[in-house]
Amino acid sequence: MDASALKADAADALIGCPSGLSVAAPATSGVDPSAFVRANDDGVDALELLVQGARCAGCIRKIEGAMLALPGVRDARLNLSTGRLRVTWTRGRIEPRAITDAVANAGYAATAFDPAEGQKQIDEEGRRLLRALAVAAFASMNVMMFSVPIWTGDQDMGGSTRTMMHWWSAIVAVPAALYAGQPFFRSAFAALRRGRTNMDVPISLAVVLTLGMSLFETATGRHHAYFDSVCMLLFLLLVGRYLDHRLREKARTAARDLLAMQATTAVRIAEDGVARAVAAKSLRTGDTISLAAGDRVPVDSVILDGVSEFDCAMLTGETLPVPARVGDTVHAGAINLTRPLTLRVTAPVESSLVAQLARLIEIGEQGRARFVRIADKAVALYVPVVHSLAAATFLGWTFGPQILARFGITGMAEIGVHGALMNAVAVLIITCPCALGLAVPAVQVVATGRLFKRGVLVKSGDALERLAQIDTVVLDKTGTLTLGKPHLATALDADLLRTAAALARCSRHPLSRALVEAAGPGKPAQSPQEFPGEGVAGEIDGVHARLGRRAFSAPDAPESDDDAAELWFAHGDAAPVRMSFVDELRPDAKAVIQALQQRGLAVEVLSGDRTVAVAEAARAAGVTRWVADTRPAEKVAHLETLRAAGRKVFMVGDGLNDAAALAAAHASASPGTAVEVSQAASDIVFTGAHLAPLVDAIDTARAAQKRITENLAFSALYNAIAVPIAALGYVTPLIAALAMAGSSLMVTVNALRLQGMRSWTS
Amino acid sequence: MDIIAYLIPAALSLGAMGLAAFLWSLRANQYEDLEGAAHRILLDDDDLPPPRA
């Protein structure tokens, strides 16, 4: 795209998505991505960024236009599906920082990709499956061109014409089946070499045996060749395989993106005083780093210089900012609120709090890997049964007539070894798990697609299976049950609110921001001065004013008896005013909890916040069981206790302190506002200010489980009818083709029924 | 019946052409950004100076 094509207009003046499809990212400066730039040989540098919030054509134009407007940029391409922006530029013409700044100025959050994590963009395995699928589709359609005449006109058709049709079928089907069957052959071979069997063993066996049989039939000029069945079988199986792969790939990509987003950078101050951006994981104990206001602490450190306040809500669940001065220790993950600081690193990244949490997550996920998917259970049952049925058919037809004759029973047709093999192969073909292979992925694709439209991202298919089994819901308080940010609770008259907000505009403190939010747009105060941990002072309409803690703004005012977060505002000689703030419940919290309880689920609140705050929130939301003051490891321990009592827990949380518990739970969810680690650790991410998506997700998961069970039951019924017919030798190529297509169609249509399900919210 | 000696290869090669087209599009990264492609059609690239007649 040419830069001149991107003319500026009114839409570009807006921050963020011009169509309003997503909220603009908060105005922070971009991170320094220097550590992640890849240098190519020909003097061109390349950088890959993960851009959040791009939704429409306007976003593409805005972001790519902003990139191309930078000097030296050669090419910029935003992939809207994956959110990845690739920029290349002539080395030395611009600083990498200018790129992230430009994206941030346009109103989008951009994170640099760690090249090690971000590589392998093209999904090779998916492409291999698609190629095989295309070949199988081509073959099954074209072989039908020869099969249908044989089925319909066999009586009128001469033997030589039929054989010619069979040969044409063979020319198309044999190479196609050998190519399209490779995903199955490889997997079957790998399983056999390890002395195991899987679903691919009977599939491969059926394909190879049927091809061989059909070639023999063709060469000897006989009636029954199953080339069409082989191709259709592979086609239907590959459809199921591809759907399943796409679901897993989506989960993997989501996990990889979140991992890459943790590739944080830090500004290290070298001994010569030069500040340079480095990857956080290259920091060593004793390094000096500088931390801008609004940035997250990269590793556990101690403050060398400066005074500020930290937002530790993500770490501990506490809503109130924590003041910090020289000598205080700050933990990785806390956000610096007011002033720039100089820090000394006290622990290497591997032993920082965040890394320890990451290890707890790993342990939790190992436990989850023991979960056996319903499809795998079905296969474990299926393989031995089918193999022994086919073997029994072969042996029965080979030796059956003689054995029966010895007991004086005649009448069983002598069909010889050839006929016996033919019937055994028919059993293998007709039981081949097309319907079984589609039964689970088709349902899960429809279910995740349906939830995606409602703002719920399900990261894997087995997450839905686990979610359908839960009987207990454990919710975090801060940021999950509540919105996670303070909200003005005192009723003030409009004039007072306006003046107080003028001063609040000069501060980044969360309480100030809550005040500004309540007041709406307006002018800031004059000559403001911020005192970290105390408050902010300035002039409004020429009169001195102070906004902050009681000791700062109104030292003479009496202490209030409740312990809510508060701000005091003093304006000239007027009496100081107290404003209290509460962390509001999500608007539908109470209704959702009721809905969960109606579904027979036990609901608990598990929080790291103070007892009083948790009790109050739990009461307001209608939850009777709650635990307060828990540390991350205690949250995990609590879940372990529940698990030991035989409960299957669905954990919902958003903070760093929830991440380990999210990974340890049977199923888990986090809101889109959660920290990346928590999103990475949970199965489901839901967006928006409401909790209703949780109910939707549970309902959909349960419905999906029902569809899956129906599909598997249908497959079993189908086999129960088809196997005797095949074993007795009544199956012709036409019957095999019809049965295969019919059963696959049935399970797909049954899966699609989920689409029309009514959602709880509507 | 001689006609099928022409028609069968003709039908097969038509099918093979479709298959080849699909494989080409897959290799040419045509499916890498389905959502973006749907939106890019709305971008005005035609504010470029018109070619001189």
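Structure's up top.
Attention in this report is confined to the structure presented alongside it.

What counts as what
- Residues numbered from 1 in each chain as written.
- Chains lettered and ligands numbered in written order.
- Predicted model: local features only at pLDDT ≥ 70, side-chain atom pairs only at ≥ 80, totals over all residues.
- Heavy atoms only, no water.
- Helix = DSSP H or I, 4+ residues; strand = E, 2+ residues; numbered from the N terminus.
- Buried < 20%, exposed > 50% of the residue type's maximum accessible area, 1.4 Å probe, protein only.
- Contact = heavy atoms within 4.5 Å.
- Areas by Shrake-Rupley, 256 points an atom, 1.4 Å probe, with all protein chains shown as cover.
- Polar contact = N/O pair within 3.5 Å; in protein donor to acceptor, adjacent residues only side chain to side chain.
- Pairing = 2+ DSSP bridges.
- Axes fitted to C-alpha atoms, helices over the stretch in contact; angles between N-to-C directions.
- Expected span 1.5 Å × (residues − 1).
- Buried area = accessible area lost by both parts, 1.4 Å probe.
- Salt bridge = Lys/Arg side-chain N within 4 Å of Asp/Glu carboxyl O.

## Structural notes on the overall build of chain A
Counting its regular elements, chain A contains 26 helices and 27 strands. Expressed as a percentage of its 762 residues, the buried residues of chain A come to 52%. When contacts within chain A are restricted to residue pairs at least 6 apart in sequence, long-range pairs at least 24 apart make up 68% of them. If you sum the accessible surface of chain A, you get close to 33,300 Å²; carbon and sulfur atoms cover 58% of it.

## Points about the side chain of S607 of chain A
Residue and element names in this part refer to chain A. Its location among the elements puts S607 in the loop between β23 (602–606) and α21 (611–621). From its side chain, S607 meets the backbone nitrogen of D609 in a polar contact 2.9 Å long. The residues touching S607, leaving out its near neighbours within four places in the chain, are D476, K477, V614, V627, A628, D629, T630 and K635.

## Some points on the sheet that holds strand β25 (residues 649–652) of chain A
All names here are of chain A. Taken together, the 7 strands give an open sheet; going across it, the order is β15-β27-β26-β25-β16-β23-β24, and neighbouring strands pair in mixed fashion. Each end of this open sheet is capped by a strand with a single partner; those strands are β15 (456–458) and β24 (625–627). Neighbour-to-neighbour, the strand axes of the sheet open up by a mean angle of 20°, direction not taken into account. In terms of strand pairing, strand β26 (residues 667–671) meets strand β27 (residues 684–686) through 3 bridges, oriented parallel. Among the inter-strand pairings, S670 is bridged to a residue of β27, identified as V685.

## A word on the side chain of D696 of chain A
Here D696 of chain A is to be found in helix α25 (residues 692–727). In this structure D696 of chain A touches R450, L451, R454, S759, W760 and T761 of chain A, once residues within four positions along its chain are discounted.

## Quick word on helix α12 (residues 374–406) of chain A
An ideal rise of 1.5 Å per residue puts 48 Å on 33 residues; α12 of chain A measures up with 46 Å between its terminal C-alpha atoms. Of the residues one or two after α12 of chain A, G408 of chain A is the one with positive phi, at around 85°.

## Quick look at the interface of chain A and chain B
The partner chain B presents 27 residues to the 30 residues of chain A that form the contact. Between chain A and chain B, a total of about 2,400 Å² is buried, with carbon and sulfur atoms accounting for 67% of that surface. Run the count over chain A and chain B and you get 2 salt bridges. A salt bridge links E64 of chain A to R40 of chain B; the nearest nitrogen and oxygen atoms lie 2.9 Å apart. Across the contact surface, chain A and chain B share 7 residue pairs in polar contact (both at pLDDT 80 or more). Breaking the side of chain A that touches chain B down by element, the ones donating at least two residues are α2 (57–68), β3 (73–79), α5 (124–153) and α6 (159–180) of chain A.

## A few points about unusual backbone geometry
At D629 of chain A, a residue that is not glycine, the phi angle is positive and equals roughly 60°. Mapped onto the secondary structure, D629 of chain A falls in the loop between β24 and α22 (632–644). Its identity as a non-glycine residue notwithstanding, N29 of chain B has a phi of 60°, on the positive side. Its location among the elements puts N29 of chain B in the loop between α1 (3–27) and α2 (34–40). You can call N29 of chain B partly exposed: its relative accessible area is 38%.

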